[in-house]
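Examining the three-dimensional arrangement
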Amino acid sequence: MKPPSSSSHFFSSLLRNNHLSYFLLILLPFIILVIILYSEEFNCIFGQLDPRISSQQQNSISRNIKKNKKLPFAIGETKEGCDVFNGRWVWDEQRPLYEESECPYIQPQLTCQEHGRPDKDYQHWRWQPHGCSLPSFNATLMLETLRGKKMLFVGDSLNRGQYVSMVCLVHRLIPENAKFMKTDGNFDIFTIKDYNATIEFYWAPFLLESNSDDAVKHRIEERVVRKGSINIHGNYWKGADIIVFNTYLWWMRGPRFHILQGSFDDEEKDIVEVSTEEAYGMAMKSMLRWIKRNMDPKKTRVFFTSMSPTHQKSIEWGGESNKNCYNETKMIEDPSYWGSDSQKGIMQVIAEEFGKSKVPITFLNITQLSSYRKDAHTTIYKKQWTKLTEEQLANPFSYADCVHWCLPGLQDTWNELLFTKLFYP
């Protein structure tokens, strides 16, 4: 960033002054160096907020992730000035990184090939940032890093998908008798015995306590979140060395949201209605406080994955009205595309709350790059938990899942970005 013009005039005037003191001559290079080193910080402070989170805001959100301070697990750094979340999708014959049939841990909601999807093109796209390239995912490095440690994904079913992707990316290096998966309450736990390590997922779609916290039976129409209740779940997160949070989809029930101010055990419940943005901001504040109190920045890392876009309205990308992602096999090519289901107000809340906080947290901004991928959803190619009616069978658009993603697929890229930010921040 260029120094302010007034400062430039000041320095040039000083240099033209024949009587400039020796002291100022010594001080001048130091002042210029400070301006250069912290120009990005000044830009973050004075820059305007863009709801879609610009690269400058990503730096602001992760303002405590300093390049001149070695972070836990870091072994290098990304090329100076390269925003790994800004780029394009390129065809890659070497993809996918694993085969669906090779990973027995993928839930039947995500096994698109097993459930009859006729094409595989969605598996062959690789994310290419402008100005640099992502390092190849190194499963050996990931496993060695996790030796004696716990990696934890916390959030909703989309974060569970990213968790399963991570398991699939590393499990082939582990002997069959040295790994196992189990479910325990809100936890799914993948244990790697020879490494004394676990990769875990914890179901908490709001992060805070809610009436949707049952990991299996959580389809509740009137969703309620309890204020100030993060420790109900957070007590189970303690001891993790790497945490990846997400929360978004479950908040999207309209412009207003119900907040419980007492306890779910109260006979008469004190429930108030606030804007969804206010409710979401409350969750962000609680999460950041929990991180500050429970995660040692010298030994641990924390990540937050931005909203996963949906593709419910094909008219938004030039398709027909009353249709969605079903039968979509090509991605959206408009680089400025932003679907209405990705709430800009929520991105604004994230930018504001993370920007104000001094908690070291790395923001994984997967929203824009995922917005192009209308081709990568599970649609009808998944296990259906309830029997479909004749009317639904006659109209696949009526039951196509345009929220979740096939594996292997897009969410492997999310983990490549996580890998990049973990080892090359």
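Attention here is on the structure that accompanies the text.

Quick notes on the rules
- Throughout this document, residue positions are counted from 1 along each chain, in the order its sequence is written.
- Restriction of local features to residues with pLDDT of at least 70 applies here, the model being predicted, together with a cutoff of 80 or more for giving and counting side-chain atom pairs; totals for whole chains, interfaces and linings are based on all residues.
- Computation of side-chain values: all heavy atoms of the structure, hydrogens and water removed.
- The term disulfide is used for any two cysteine sulfur atoms that are within 2.5 Å.
- Helix and strand assignments come from DSSP, with helices taken as H or I runs of at least 4 residues and strands as E runs of at least 2, each series counted from the N terminus.
- For every residue, the accessible area (1.4 Å probe, protein chains only) is compared with the maximum for its type, and the residue is labelled buried under 20%, exposed over 50%, or partly exposed between those bounds.
- Axis angles are defined between N-to-C directions and span 0 to 180 degrees, where every axis is a line fitted to C-alpha atoms and, for a helix, only to the segment in contact.
- Angle categories are assigned with fixed cut-offs, so that under 35 degrees is roughly parallel, over 145 is roughly antiparallel, 65 to 115 is roughly perpendicular, and the rest are oblique.
- Contacts are assigned to residue pairs that have any heavy atoms within 4.5 Å of one another.
- Here a crossing is called left-handed whenever its near helix is offset anticlockwise from the far helix by less than a right angle, and right-handed whenever the offset is clockwise.
- Classes in brief: Ala, Val, Leu, Ile, Met, Phe, Trp, Tyr, Cys and Pro nonpolar; Asp, Glu, Lys and Arg charged; the others, Gly included, polar.
- Pairs of strands are assigned from DSSP output, requiring at least two bridges between the strands.
- We define the nonpolar core as a collection of buried residues of types Ala, Val, Leu, Ile, Met, Phe, Trp, Tyr and Cys that are connected through side-chain atoms lying within 4.5 Å of one another.
- Whenever Lys or Arg places a side-chain nitrogen within 4 Å of a carboxyl oxygen from Asp or Glu, that contact is recorded as a salt bridge.

Quick word on the state of the cysteines
Under the definition given, this model contains four disulfides. There is a disulfide in this structure between cysteine 325 and cysteine 402, and the S-S distance comes to 2.0 Å. Between cysteine 325 and cysteine 402, the S-S torsion sits near -95°, and that sign places the bridge as left-handed. Of the two residues, cysteine 325 sits in the loop between β11 (301–305) and α9 (344–356) while cysteine 402 sits in strand β14 (residues 401–405), which places them 77 residues apart along the sequence. Across the pair, cysteine 402 and cysteine 325 agree in class, each one buried. In the chain, the cysteines engaged in disulfides, taken in order along the sequence, are linked 1-4, 2-5, 3-8, 6-7.

Overview of the packing of helix α6 (residues 157–170) against helix α12 (residues 410–423)
Between α6 and α12, the shortest axis-to-axis distance is 9 Å and the interhelical angle comes to 75°. On the basis of their axis angle, the class for α6 and α12 is roughly perpendicular. Across the interface between the two elements, Leu158, Gly161, Gln162, Ser165, Met166 and Leu169 from α6 touch Gln411, Asp412, Trp414, Asn415 and Leu418 from α12.

Points about the packing of helix α8 (residues 276–294) against α9
Following both chains from N to C, one finds α8 and α9 inclined at 35°, their axes separated by 10 Å at the closest point. Remark: the crossing between α8 and α9 carries right-handed chirality. Facing Thr276, Glu277, Tyr280, Gly281, Met284, Lys285, Met287 and Leu288 of α8, the residues of α9 in contact are Gly345, Ile346, Val349, Ile350, Glu353 and Phe354. Its residues placed into classes, the contact of α8 with α9 shows eight nonpolar, three polar and three charged.

Quick notes on the side chain of threonine 300
Mapping threonine 300 onto the fold places it in the loop between α8 and β11. Sequence-distant contacts of threonine 300, that is, excluding residues within four places in its chain, are made with Pro72, Phe73, Ala240, Asp241 and Met295.

Here's the deal with the sheet that holds strand β5 (residues 187–192)
Neighbouring strands of a sheet are bound in pairs by backbone hydrogen bonds; such pairs are parallel or else antiparallel. Strands sit in the order β4-β5-β6-β3-β8-β11-β12 across an open sheet of seven strands; the sheet is mixed. Since the sheet does not close on itself, it has two edges, and those belong to β4 (179–184) and β12 (362–364), each with one partner. Shown here is a sheet whose adjacent strand axes are inclined to one another by a mean of 15°, direction ignored. Inspection of the sheet shows β5 paired to strand β6 (residues 197–203) by six bridges, in the antiparallel sense. Within β6, the position partnered with aspartate 188 by the bridge is phenylalanine 201. Contacting β3 (150–155), β4, β5, β6, β8 (242–245) and β11, α6 runs over the sheet at an angle of about 165° to β6.

Here's the deal with the pairing of β4
Both faces of the sheet carry side chains from a regular strand, because those side chains alternate between them. As paired elements, β4 and β5 share six bridges and run antiparallel to each other. Counterpart to phenylalanine 180 in the pairing with β5 is threonine 191. Counted between consecutive antiparallel strands, the loop separating β4 from β5 contains two residues, among which glycine 185 sits at a positive phi close to 65°.

A word on the nonpolar core
Ile199, Trp237, Phe245, Met287 and Phe304 are the most contacted members of the largest nonpolar core, which totals 100 residues. With nine residues, the top contributor of residues to this core is α8. What methionine 287 contacts, discounting residues up to four positions off in sequence, is Leu207, Ile230, Phe245, Phe304, Phe354 and Ile361. Tyr122, Tyr326, Tyr399 and Cys402 belong to the second-largest nonpolar core, a separate cluster that totals 12 residues.

Here's the deal with the pattern of salt bridges
For the coordinates displayed, the defined rule picks out 16 salt bridges. The closest approach of N and O atoms between arginine 253 and glutamate 221, which form a salt bridge, is 2.8 Å. Here arginine 253, found in the loop between β8 and β9 (256–260), pairs with glutamate 221, found in the loop between β6 and β7 (224–226); they are 32 residues apart in sequence, far enough to count as distant. Under the relative-accessibility criterion, arginine 253 is labelled partly exposed at 38%. Classification of glutamate 221 by relative accessible area gives exposed; the value is 64%.

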